[in-house]
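Structural features, examined
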Amino acid sequence: MSFLFGGRPQLTSEQKIAQAEAEIDMVSDMYTRLVQSCSKKCIDSTYREPDLNKGESVCLDRCVAKFFEVNVKVSEKMQGEAANKAGGGGGGMFGGGM
């Protein structure tokens, strides 16, 4: 029952749709960057074989794993910084009172 005492305001249908569209855009962008980055790194542009060879397959697997690992770490860092700003994290280098 936290919504009765200062909880989050309810979102309208338009706001929910806008949030969903923004999330789809972010996921699509992340997928595009993943494909471009890992393809450039792991797949030879001459395409000598119709299928991925073992080296390309292993490289892609590792590249995707690292991409998601870094993405999670960056997201956690950004969420932590946003929480500090929202919570008035005044204990930083310049946040001390005089």
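What you see as residue numbers is a count from 1 along each chain, following the sequence as written. Selection of residues for local features in this predicted model requires a pLDDT of at least 70, selection of side-chain atom pairs for listing and counting requires 80 or more, and totals for whole chains, interfaces and linings are taken over all residues. No hydrogens and no water enter the side-chain calculation; it runs on all heavy atoms of the structure.

The chain has the name Mitochondrial import inner membrane translocase subunit in an unreviewed UniProt entry, where Clohesyomyces aquaticus is given as its organism. The record in UniProt for the chain states the following under Subunit (unreviewed entry): "Heterohexamer; composed of 3 copies of TIM9 and 3 copies of TIM10, named soluble 70 kDa complex. Associates directly with the TIM22 complex, whose core is composed of TIM22 and TIM54. Interacts with the transmembrane regions of multi-pass transmembrane proteins in transit." What the UniProt record of the chain gives under Sequence similarities (unreviewed entry) is the line "Belongs to the small Tim family." UniProt positions are given in the numbering used here, feature names are shortened, and annotations may be inferred rather than shown by experiment.

Looking at the packing of aromatic side chains
Aromatic rings considered in pairs are described by the distance between their centres and by the relative angle of their planes. Under the pairing criterion, centres of Phe, Tyr and Trp rings, with the six-membered ring standing for Trp, must be within 6.5 Å; the plane angle then separates stacked pairs below 30 degrees from edge-to-face pairs above 60, leaving the rest tilted. Taken as a whole and assessed by the stated rule, the structure comprises one aromatic pair. When the centroid spacing of 6.1 Å and the interplanar angle of 90° are considered together, the rings of phenylalanine 67 and phenylalanine 68 count as edge-to-face.

Considerations on the nonpolar core
Burial of nonpolar side chains together is a common tendency in soluble globular proteins. Ranked by size, the top nonpolar core spans seven residues in total: Met30, Leu34, Cys38, Cys42, Leu60, Cys63 and Phe67. Put simply, DSSP marks the helices as runs of H or I at least four residues long and the strands as runs of E at least two long, and each gets a number from the N terminus on. Every element with two or more residues in this core is listed here: helix 1 (13–42) and helix 2 (54–86). Residue contributions to this core peak at four residues, all from helix 1. The contact rule is simple, with two residues in contact once any of their heavy atoms fall within 4.5 Å. What cysteine 42 contacts, discounting residues up to four positions off in sequence, is Glu56, Cys59, Leu60 and Cys63. In these notes, a set of buried Ala, Val, Leu, Ile, Met, Phe, Trp, Tyr and Cys residues joined through side-chain atoms within 4.5 Å is what counts as a nonpolar core. Between buried and exposed lies partly exposed: a residue is buried under 20% and exposed over 50% of the maximum accessible area for its type, with that area taken using a 1.4 Å probe on protein chains only.

With respect to helix 1
To estimate how far a helix should reach, multiply one less than its number of residues by 1.5 Å. Compared with the 44 Å implied by 1.5 Å per residue over 30 residues, the 43 Å span of helix 1 between its first and last C-alpha is a close match. Considered for burial, the residues of helix 1 that qualify are Met30, Leu34, Cys38 and Cys42. The inward-facing, buried residues of helix 1 contact helix 2.

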